[in-house]
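These are the residues of each chain, in order.
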Amino acid sequence: MKEYIEERALGIANYIIEHNATVRQTAKAFGVSKSTVHKDVTDRLPGLNGTLAAEARKILEYNKSERHIRGGLATKEKYLQLHK
């Protein structure tokens, strides 16, 4: 694996952990796709640093489990703004 990819994977994991970030937030911060963030965390990172990978993955799984709630709140807020 190329060095810049390894550095990006480690950077992505650290960003997720420090900011409790979602895949979408992380992708935007690093200027890559959501697929790249996912691949870095699930495929590339375990071979580089298993502990870091597990911690980042735990945060991503938590965010994924709450996404339907966040989506509902965003929709509610949107309609409250429209009907003011």
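Just so it is clear, the model here is predicted, and its values are computed rather than measured. Numbering of residues starts from 1 in every chain and runs along the sequence as written. Given that the model is predicted, a residue must reach a pLDDT of at least 70 before its local features are reported, and side-chain atom pairs must reach 80 or more before they are shown or counted; all residues, however, enter totals for whole chains, interfaces and linings. With hydrogens and water set aside, each side-chain value is computed from the structure's full complement of heavy atoms.

Asks: Would you take a moment to explain the layout of surface pockets for this structure?
Replies: Where empty space is left can be seen by rolling a probe of water-molecule size over the atoms. Quantified by volume, the largest pocket comes out at close to 450 Å³. Only protein atoms enter the 1 Å grid, on which a cavity is a set of points fitting a 1.4 Å probe that cannot get out and a pocket is an open set with protein on both sides within 12 Å along at least 5 of 7 lines, lining residues being those with an atom within 4 Å of a point. Lining of the largest pocket is provided by 14 residues; of these, V23, L60, N63, K64 and R67 occupy positions nearest its centre. Under the DSSP-based scheme used, a helix requires at least four consecutive residues in state H or I and a strand at least two consecutive residues in state E, with every element numbered from the N terminus. Mapped by element, the contributors of at least two residues to the lining of the largest pocket are α2 (23–30), α3 (34–48) and α4 (50–82). Tallying contributions element by element places α4 first for the lining of the largest pocket, with 7 residues. When residues are sorted by character, Ala, Val, Leu, Ile, Met, Phe, Trp, Tyr, Cys and Pro go into the nonpolar class, Asp, Glu, Lys and Arg into the charged class, and all the rest, Gly among them, into the polar class. Looking at side-chain class alone, the lining of the largest pocket contains 3 nonpolar, 4 polar and 7 charged residues. Grid points are joined across faces, edges and corners, and a volume is the space filled by probe spheres set on the points.

Asks: I would appreciate a short explanation of the packing of helix α1 (residues 3–19) against α3 in the present structure.
Replies: For the pair α1 and α3, the least separation of the axes is 9 Å and the interaxial angle reads 105°. Overall, the two elements α1 and α3 adopt an arrangement that is roughly perpendicular. Two secondary-structure elements touch here, α1 through I5, E6, R8, A9, L10, I12, A13 and I16 and α3 through T36, V37, D40, V41, R44, L45 and L48. In terms of residue class, the contact of α1 with α3 is built from 10 nonpolar, 1 polar and 4 charged. For helices, the fitted axis covers only the stretch in contact; all axes are lines through C-alpha atoms, and the angles between them, taken along N-to-C directions, range from 0 to 180 degrees. Under this scheme an angle from 65 to 115 degrees is roughly perpendicular, one under 35 degrees roughly parallel, and one over 145 degrees roughly antiparallel; angles in between are oblique. The criterion used for residue contact is that any of the two residues' heavy atoms lie within 4.5 Å.

Asks: Sorry, what's going on with the nonpolar core here?
Replies: In summary, soluble globular proteins display a tendency toward joint burial of nonpolar side chains. By size, the foremost hydrophobic cluster in this structure holds 13 residues, and its most contacted members are I12, A13, I16, V37, V41, L45 and A56. Counting only elements with at least two residues in this core, the list comes to α1, α3 and α4. Setting aside its immediate chain neighbours within four residues, I16 contacts A21, T26, V37, V41, A56, I59 and L60. Put simply, buried Ala, Val, Leu, Ile, Met, Phe, Trp, Tyr and Cys residues joined by side-chain atoms within 4.5 Å make one nonpolar core. Residue exposure (1.4 Å probe, protein chains only): buried if accessible area is under 20% of the type maximum, exposed if over 50%, otherwise partly exposed.

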